[in-house]
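A look at the structure
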Amino acid sequence: MLSLSDVEAARERIDDVVRRTPLEYSYAFSEMTEADVHLKLENFQRTGAFKIRGATNRIATLSAAEQEAGVVTASAGNHAQGVALAATRSGVDATIVMPEHAPISKVKATERYGGRTVLHGADYDEAQAKAHEIEAAEGRTYVHAFDDEKVMAGQGTIGLEIVEDCPDVDTVVVPVGGGGLISGIATAVKARKPDARVIGVQAEGAASLPDSLQAGEIRERESVNTIADGIATRKVGERPFAVIRERVDEVVTVTDEEIAVALTYLLERSKTLVEGAGAVSMAALLFEAFDYEAGETIVPALCGGNIDTNQLTTVLVRGLVETGRYLKIRTVLRDRPGALEDLVEIIAERRANIYAIQHDRTSRDVAMNEADVEIDIETRGHDHIEEVLGALRDAGYTVEVLA
C-alpha cells in the first residue's frame, strides 16, 4: 500500500516542476462557520489544478523504452493538462482522450501544453475505454488519472504541504472522484499527524464511494451528472479504495446547488475562482455535511480552478438564486399605457433592482389585449424575495417564479 516514503520520494522528483501552493487563513469563512478555516489554494497550481503533481511523478518514472513509445490517458480535463505539460517537459509524446462534452477551455489548454486530444464518449469512463484501445494499438503507456500509486504519491505531496504550513490542522477536507487525490493526501497527513481527520467529499450526482464503503467493495454508478466535472467518475480506483478504507475518516456528499453556492461565496468573499470540483470541499464545510466544533482548524483543499467561462456564468446565477440574490418572474399585464410602469414602481418601492425586462404583446400564451412580461431582479436575500412577491400579489398580479 502507498506509504509516506512514496510521497516524499515523489516530492523530490516533481520539485522543479510543481509549485508549492499557498495555504491562507480565511477570515470570511472562519466567521461564517465559527471554525478556523485555512484554504489550500491548489487552484493556483501550474495548469490550474493538482493533477500536474501525479502526472509529473508518473512520467518521471517511465523507462527509456516507455518514454520512446509515448503515453496515453483519459481525462475530463485537469489530468489531461497535467499529463500534456509533464510529457512535453520530458520530451514524451502524449495522446489524451477526453469526453465529447469536455469544457472547450480544458481541451484547448491541453493542446496548448503539447498534448494531442481525441474527443470520445459521453463521460470519463467511455473516454478511458477508448484510451485503452489506443494503448493496445500503439504500444503506449497508459497514465491513469487516479488508480496508479505513482500518481497517488504525487497528489499526496499536497498533504505534506498542508501539515508543514498548518501544523495545528485538525481536519482536512478533500474532493473525491476516482480517489487518487484523497488517498495520497490521507497517506501523508495520517503519517505526519495521526490525530488529524481526513474527510472526503463527493458530488451527489457522482457519489459511488459511500455505497462502496458500506458494501466493503467498489460499486459503480450507471451514470454521473454533476457540475463538478473534474470528479465525475462512475467509481473509485482499486488502489485508492484500499487506502481510503484504511486512512479516510468519513466520506460525505453535497448537491450541485450547494456546490454553486460555495463557488459563488469563494469568488465573492475570498476573490478565489475555483471549478465545481474545487468547490465541493468548501460546500461540505458551509452546509455542515460533517460535524465539526467551533474553533476547529479545518483545511478545505480547493483542488482546481479550470472552470469553463460559459459554465461559470450558469453556476454563478444558480448560486445567486440559491442565496436569494436573484429572482426571475413572469406575469401578465393589461396592454394599456402605464401598466408596465405600475408594475415596476411596486418593485422599486421594495428597493429591488431590475436587471432586465422582456415585454411581449405577441405571445400566444396571452389574450389579444394583454402582454407577457418577464423580469430579472436583483434581491438581497430570501426574505427580500418574499417581500417583493407578496407586494406584487397583494396588488393583484399573478406571479410565476421562473428562477
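Residues numbered from 1 in each chain as written. Predicted model: local features only at pLDDT ≥ 70, side-chain atom pairs only at ≥ 80, totals over all residues. Heavy atoms only, no water.

**Let's talk about the packing of helix α9 (residues 180–192) against helix α11 (residues 238–247)**
Axis separation between α9 and α11 bottoms out at 9 Å; the angle between their running directions is 40 degrees. What the angle tells us is that α9 and α11 run oblique. Where α9 crosses over α11, the handedness of that crossing is left-handed. Taking contact as the criterion, the partners of G180, I182, S183, A186, T187 and K190 in α9 are, on α11, P240, V243, I244 and R247. Broken down by class, the residue content of the contact of α9 with α11 amounts to 5 nonpolar, 3 polar and 2 charged. (Axes fitted to C-alpha atoms, helices over the stretch in contact; angles between N-to-C directions. Helix = DSSP H or I, 4+ residues; strand = E, 2+ residues; numbered from the N terminus. Parallel < 35°, antiparallel > 145°, perpendicular 65-115°, else oblique. Left-handed = near helix turned anticlockwise from the far one by under 90°. Contact = heavy atoms within 4.5 Å. Nonpolar A, V, L, I, M, F, W, Y, C, P; charged D, E, K, R; others polar.)

**What about helix α7 (residues 124–138)?**
The periodicity of an α-helix, 3.6 residues per turn, causes residues three or four places apart in sequence to face the same way. If you check α7, its first and last C-alpha atoms are 21 Å apart, about what 15 residues at 1.5 Å a residue would give, namely 21 Å. Considered for burial, the residues of α7 that qualify are Y124, D125, A127, Q128, A131 and I134. End-on view of α7: buried residues confined to an arc of 165 degrees, all on one side of the axis. The exposed residues of α7 that point more than 90 degrees off its buried face are E133, A136 and A137. A positive backbone phi angle near 70 degrees is found at G139, which sits one or two residues after α7. (Expected span 1.5 Å × (residues − 1). Buried < 20%, exposed > 50% of the residue type's maximum accessible area, 1.4 Å probe, protein only. Arc of directions from axis to C-beta.)

**Here we look at the pairing of strand β13 (residues 370–378)**
Bridge analysis of strand β11 (residues 326–334) against β13 gives 9 bridges, and the strand direction is antiparallel. Counted as the bridge partner of R330 is E374 from β13. Taken together, the 7 bridges between strand β12 (residues 353–360) and β13 define a ladder with antiparallel strand orientation. Counted as the bridge partner of I357 is I375 from β13. (Pairing = 2+ DSSP bridges.)

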